[in-house]
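Listed below, chain by chain, are the residues.
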Amino acid sequence: MAKRNKPKYQIGDTVVITIYGTVGRITDVKWLDGDYLYEVNKSHGLFIESALQLFSEYDGKIMEQEHIDIEYKFFIGDLVQVSGYGADLFKVIGFRTEIWRYKEDAWEDVIYELSRINDGQWLEVGEEEMTLVADAESAETFIQKLGLLYLVDQEKSTKTPALQNMVRKAEYEEINRKKEKNELIDHLLDIYNDYRILYELFSDPEYYHVMRVVLKKLKSLVSNDGKNSHV
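Residues numbered from 1 in each chain as written. Predicted model: local features only at pLDDT ≥ 70, side-chain atom pairs only at ≥ 80, totals over all residues. Heavy atoms only, no water.

Draft legend 1. Quick peek at the pairing of strand β3 (residues 35-40). With 5 of its 6 residues buried, β3 lies for the most part within the structure. Sheet topology places strand β2 (residues 22-32) next to β3; 6 bridges connect them, and they run antiparallel. Residue pairing in the sheet places Leu32 in a bridge with Asp35 of β3. Hairpin connection, β2 to β3: the antiparallel pair is bridged by 2 residues, and Asp33 has positive phi, about 50°. In this structure, β3 lies alongside strand β4 (residues 46-48), joined through 3 bridges in antiparallel fashion. Along β4, the bridge assignment pairs Leu37 with Ile48. (Buried < 20%, exposed > 50% of the residue type's maximum accessible area, 1.4 Å probe, protein only. Helix = DSSP H or I, 4+ residues; strand = E, 2+ residues; numbered from the N terminus. Pairing = 2+ DSSP bridges.)

Here you go:
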């Protein structure tokens, strides 16, 4: 058997991939069908010896690698509103960055994947179309408060059967567990304050409607007469 020649490059050598003009470090050397193949920067591809040259011996043009810093405004789990969708709430379930490079121009787009809270509708939007309502850490608490609001808002006609069942259950528990009334009032006050802040920020009339519904329920609870009062 013919003696195998030593590889031209060793692990750790800094080389130039001549077909690209990029610099890398040899991270593995393999012997295949009588030739040495080289892994550079732990990439999946392998290069033959003729495609590489020691950096110290290379006199061609080096292609500088671009470093991009992208500041993300939203993260997975954040609760947001989207332009054109009114007061609907969406949760961020994913995001990606699209990098565009042309001869005379360059930019990066961040695309967010969203799921609507009330029906799970999937949506892709840019960050300029989004407004943060609650960050990921407080999103679940906000949604729970919103769910409680649906339970006490008996005037809405758009409830799903599941929500209607929850309303009936909540009413039954309210009647039979008076000891929980104070806790319910505290929750309603939290909801009212949350929507007051949203109304002050966005002036959306739906937020004002929510505030009126909460006040009506609070007035009913405090008066303890079980009747709806007008605000």
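Read on, since the account is not over.
Draft legend 2. Inspection of the environment of Tyr85 at higher detail. For Tyr85, the position within the fold is in the loop between β6 (79-82) and β7 (90-101). Looking at Tyr85, the relative accessible area reads 28%, which means it is partly exposed. Excluding residues that lie within four positions of it along the chain, Tyr85 makes contacts with Phe90, Arg116, Gln121 and Leu123. (Contact = heavy atoms within 4.5 Å.)

Draft legend 3. The environment of Lys8, seen in detail. Secondary-structure assignment places Lys8 in the segment before β1 (14-17). Distance from Lys8 to Tyr38, taken between C-alpha atoms, is 9.9 Å for residues 30 residues apart in sequence. In this structure Lys8 touches Tyr38 and Glu49, once residues within four positions along its chain are discounted.

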